[in-house]
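Fold and contact review
The primary structure of each chain is shown beneath.
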Amino acid sequence: MPLRRWTRAPRLAYAMRNPLGGFARVPAAPAVVLRDLWPGNATVGEKLVRNRTEFDGVPRSLQSGIWDDPAWPAPYRRWLQGFGWLQDLRELGAESARIKARTLVAHWVRLPAAERAVMDPSITGARLSAWLGCYEFFAASADDVFRQHLMASLMMEARSIIVLMPDAAYGWQALCALKGLLAVAVSIPDYPEFLTGYLRLIDEVITSQILPDGGHITRSPEDLFLTVKELAEMLYILQVARLPLPTTLVDAANRTAPALRALRHADGGLALFNGSTERDSQLVELVLNRVSRSRVVAAGLPESGFARLSSGRALLIADAAAPAPAGFDHTAHAGMLSFEFSSGKQRLIVNCGASRQKGWAEALRYPAAHSVLELAGMSPMTFEANGTTSRPPQVSRTHATQDGAHWLDMTHNGYESQGGGLYHRQLYLGKDGRTLRGEEKLEGATLARAPCVRFHLHPDIMVEPTENGYLLHSEEESWLFQSDGQVQVEESVYLGQGRRIKTLQLVLTPPAPPQDEDAATPLPQPNNTEGDTDPALQATLQETEQEQPPPADPTPDVPASTAEQDTLLSGTSYAEECVEPPPATTPEPKPATTGHPALLRSMIGQPPPKPIHWALTLISE
């Protein structure tokens, strides 16, 4: 064990010594007045005044002096101890809110050093920046004793960040820790060790997580948003203090802003990949405007591994890379090759999103919660008990464009070692954005399994079955979905907006083979499009075959992550209303059994099913 870890406990105890009563000088007030940049929620503030909290839909009582409980989930503990709710009390603005804020902060700053939760420097950093960002609201008019205890606590806890970093936090949480350290550095400039510590750590923390294309190493739009938010706050603090801006910080801001814009739909919300939710579109725009004045959207994200296809009003964002590398894979989902599709400000095809509630968080990581192919009884990666992943698949992609049309060719080998073959997905988006076509197939399978391809629909979409396919109605448009496979409409669930909402999904399975099909029939060739195809769909598929993409070099992605169960989540097993309580136990992943019963029986000992072709066409605006 490194010497730094051996000595961490005594160094932390020394850092947390209280300067009051000693030889250190404690300033009476911050030298620089900082302002919290983000809007609060007055409804949350009103509940806090009444000693109530509601986090992730779970109500709790706020008890005086109780800052930790083993029964609390980690996200709630982080929210409570991080004091971010001060902005909610500030938003409420009443005198009762000011008194409540001052009372709660007073409870904390009077805790003995040994009883304070400071082992997570990211929470400490959030707390320090919240205190200083809302100082004018709750502390400026307080008595001298309160302000003296507050300033002493700022010094003590800032020193704890220096002791614990960089080992105790990574990713955007490390930026949060350094943001708190920077806020104290500019507020108490008489102690230069705070600014020295920040400048010593910031370059390494940024370069360890921000990729050359501006994406985040976790491959999560949510983590990228939180990273950009931390960068925006640090830039603001340095500008208010009139300090030079570190080159690495400015460069990171200029790269991450276009990348984050590229991972938004036209409604302003985030795409739902790897533990992300939509987020409030106005807050996302506010954060982007704070971090950079440029409104440039990244044309491509090669290192992040997302493909962005845009034509007309249509936008498709696809997960076209392997999971995040070890150490950054706690939010990784088995959504390789999945995509989301929107037209204008309306999302049509989506992934299910993410949740912080135990049970839902795990269930939503499986392929069945994504718009992608899943294979019965198999998992493309393994989720470990500690939340990390193993057995990462290799992913390749080729994206070509010509005259405004897009071709995207992707593969992953997550099922190959289990006999399921290489999953190959091809997508074509027309130059006017009015046609989206796809082909789904398994190549080189040695075990016959029944695949199904799921297309989760946004809750705003209504489905109408017709003799030619399924009409997908939004408020402004209607799209026709057709396939040469079997299509079923099933229940689904959408968690992109922070709560569970019932929705629908289209589930595709291969057509049932003829009963007299010979068992020795060779595996279908990649371009084999035979089958019982609707005439209208067959015409569109023939057009696709005639429209050959321009030559492009494939871009393979190096695998880097991990996963657990070999069973998969059924689409109908986890659909619940948002008003229902969270599951008492983890939703049990189940094999996908969607499809024609005759297909499941006839697959035994037979070649893999033929490719599934589908088309989505705009028919009315």
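We now turn to the structure provided with this report. Nothing here was measured: the structure is a model prediction, and the numbers come from that model.

Considering the packing of helix α6 (residues 95–109) against helix α9 (residues 144–164)
Running from N to C, α6 and α9 point in directions that differ by 55 degrees, and their axes come no closer than 10 Å. The angle between the axes of α6 and α9 places the two elements in the oblique class. Considering the relative orientation of α6 and α9, their crossing is left-handed. For the pair formed by α6 and α9, the contact residues are Arg102, Val105, Ala106, Trp108 and Val109 on the first element and Phe146, His149, Leu150, Ser153 and Glu157 on the second. Here the contact of α6 with α9 is built from residues that sort into six nonpolar, two polar and two charged.

Comments concerning the pairing of strand β12 (residues 422–429)
Burial within β12 is extensive, with six of its eight residues counted as buried. As judged from the seven bridges shared by strand β11 (residues 405–412) and β12, these two strands associate in the antiparallel manner. Along β12, the bridge assignment pairs Met410 with Arg425. Pairing between β12 and strand β13 (residues 435–443): eight bridges, direction antiparallel. Bridge assignment links Gln426 to a residue of β13, and that residue is Glu439. As consecutive antiparallel partners, β12 and β13 are separated by five residues, and within that stretch Gly433 has a phi angle of approximately 75 degrees, a positive value.

Let's talk about the pattern of salt bridges
The final tally for this structure, using the stated rule, is 28 salt bridges. Here Arg90 ties to Asp36 by a salt bridge, and the two come within 3.5 Å at their closest N and O atoms. Of this pair, Arg90 sits in helix α5 (residues 86–92) while Asp36 sits in the loop between α2 (8–15) and α3 (42–49), placing them 54 residues apart in sequence. Take Arg90: its relative accessible area is 22%, and that puts it in the partly exposed class. A salt bridge links Glu95 to Arg98; the shortest N-O distance between them is 3.2 Å. Pair noted here: Glu95 and Arg98 are both in helix α6, with a separation of three residues, about one helical turn.

A word on unusual backbone geometry
Looking along the chain, the bond that leaves Met165 and enters Pro166 is cis, with omega of 5 degrees. With respect to the helices, strands and loops of the structure, Pro166 is situated in the loop between α9 and α10 (172–187). Despite not being glycine, Leu337 has its phi angle at roughly 80 degrees, a positive value. Among the secondary structure elements, Leu337 is positioned in the loop between β4 (314–319) and β5 (339–343).

Re the nonpolar core
By size, the foremost hydrophobic cluster in this structure holds 100 residues, and its most contacted members are Trp85, Leu86, Trp131 and Phe138. Ranked by the residues each element gives to this core, the list is headed by α10, at 12 residues. In contact with Trp131, other than residues within four places in its own chain, are Phe83, Leu86, Val105, Trp108, Val109, Phe138, Leu150, Ser153, Leu154 and Glu157. Met378, Met381, Leu429 and Leu457 belong to the second-largest nonpolar core, a separate cluster that totals 45 residues.

Points about the side chain of Gln418
Structurally, Gln418 can be placed in the loop between β11 and β12. Overall, the relative accessible area of 19% leaves Gln418 in the buried class. Reaching out from Gln418, the side chain makes a polar contact with the backbone oxygen of Gly414 at a distance of 3.0 Å.

Things to note about the packing of α9 against α10
Between α9 and α10, the shortest axis-to-axis distance is 10 Å and the interhelical angle comes to 135 degrees. By the angle between their directions, the pair α9 and α10 is classed as oblique. As for the relative orientation of α9 and α10, their crossing is left-handed in sense. Listed contacts from α10 to Leu154, Ala158, Ile161 and Ile162 of α9 are Ala177, Leu181 and Val184. Grouping the constituent residues of the contact of α9 with α10 by class yields seven nonpolar, no polar and no charged.

Quick look at the packing of aromatic side chains
What the rule picks out here adds up to 21 aromatic pairs. When the centroid spacing of 6.0 Å and the interplanar angle of 15 degrees are considered together, the rings of Phe339 and Trp614 count as stacked. Here the residue Phe339 occupies a position in strand β5, and Trp614 occupies one in strand β21 (residues 612–620), the gap between them amounting to 275 residues. Here the two residues Phe339 and Trp614 agree in accessibility, since each one is buried. The rings of Trp67, Phe83, Trp85, Trp108 and Trp131 are connected pair by pair, giving a single aromatic cluster. Taking NZ or CZ as reference, Arg17 lies 4.0 Å from the ring centre of Tyr14, over its face.

Remarks on the pairing of strand β19 (residues 501–509)
For β19, the tally of buried residues reaches seven of nine residues, placing the bulk of the element in the interior. Sheet topology note: the strand β14 (residues 451–457)/β19 ladder contains four bridges and is antiparallel. Bridging from a neighbouring strand, His456 pairs with Gln505 of β19. Pairing of strand β18 (residues 486–494) with β19 involves nine bridges; the strand directions are antiparallel.

A look at the environment of Ile66
Take Ile66: it is sitting in the loop between β2 (58–61) and α4 (74–82). The sequence separation of Ile66 and His107 amounts to 41 residues, and the corresponding C-alpha distance is 9.1 Å. Filtering out sequence-adjacent residues up to four positions away, Ile66 remains in contact with Trp72 and Leu80.

Criteria and thresholds
Residues numbered from 1 in each chain as written. Predicted model: local features only at pLDDT ≥ 70, side-chain atom pairs only at ≥ 80, totals over all residues. Heavy atoms only, no water. Axes fitted to C-alpha atoms, helices over the stretch in contact; angles between N-to-C directions. Helix = DSSP H or I, 4+ residues; strand = E, 2+ residues; numbered from the N terminus. Parallel < 35°, antiparallel > 145°, perpendicular 65-115°, else oblique. Left-handed = near helix turned anticlockwise from the far one by under 90°. Contact = heavy atoms within 4.5 Å. Nonpolar A, V, L, I, M, F, W, Y, C, P; charged D, E, K, R; others polar. Buried < 20%, exposed > 50% of the residue type's maximum accessible area, 1.4 Å probe, protein only. Pairing = 2+ DSSP bridges. Salt bridge = Lys/Arg side-chain N within 4 Å of Asp/Glu carboxyl O. Core = buried A, V, L, I, M, F, W, Y, C linked by side-chain atoms within 4.5 Å. Polar contact = N/O pair within 3.5 Å; in protein donor to acceptor, adjacent residues only side chain to side chain. Phe/Tyr/Trp six-rings, centres within 6.5 Å; stacked < 30°, edge-to-face > 60°. Lys NZ or Arg CZ within 6 Å of the ring centre and 35° of its normal.

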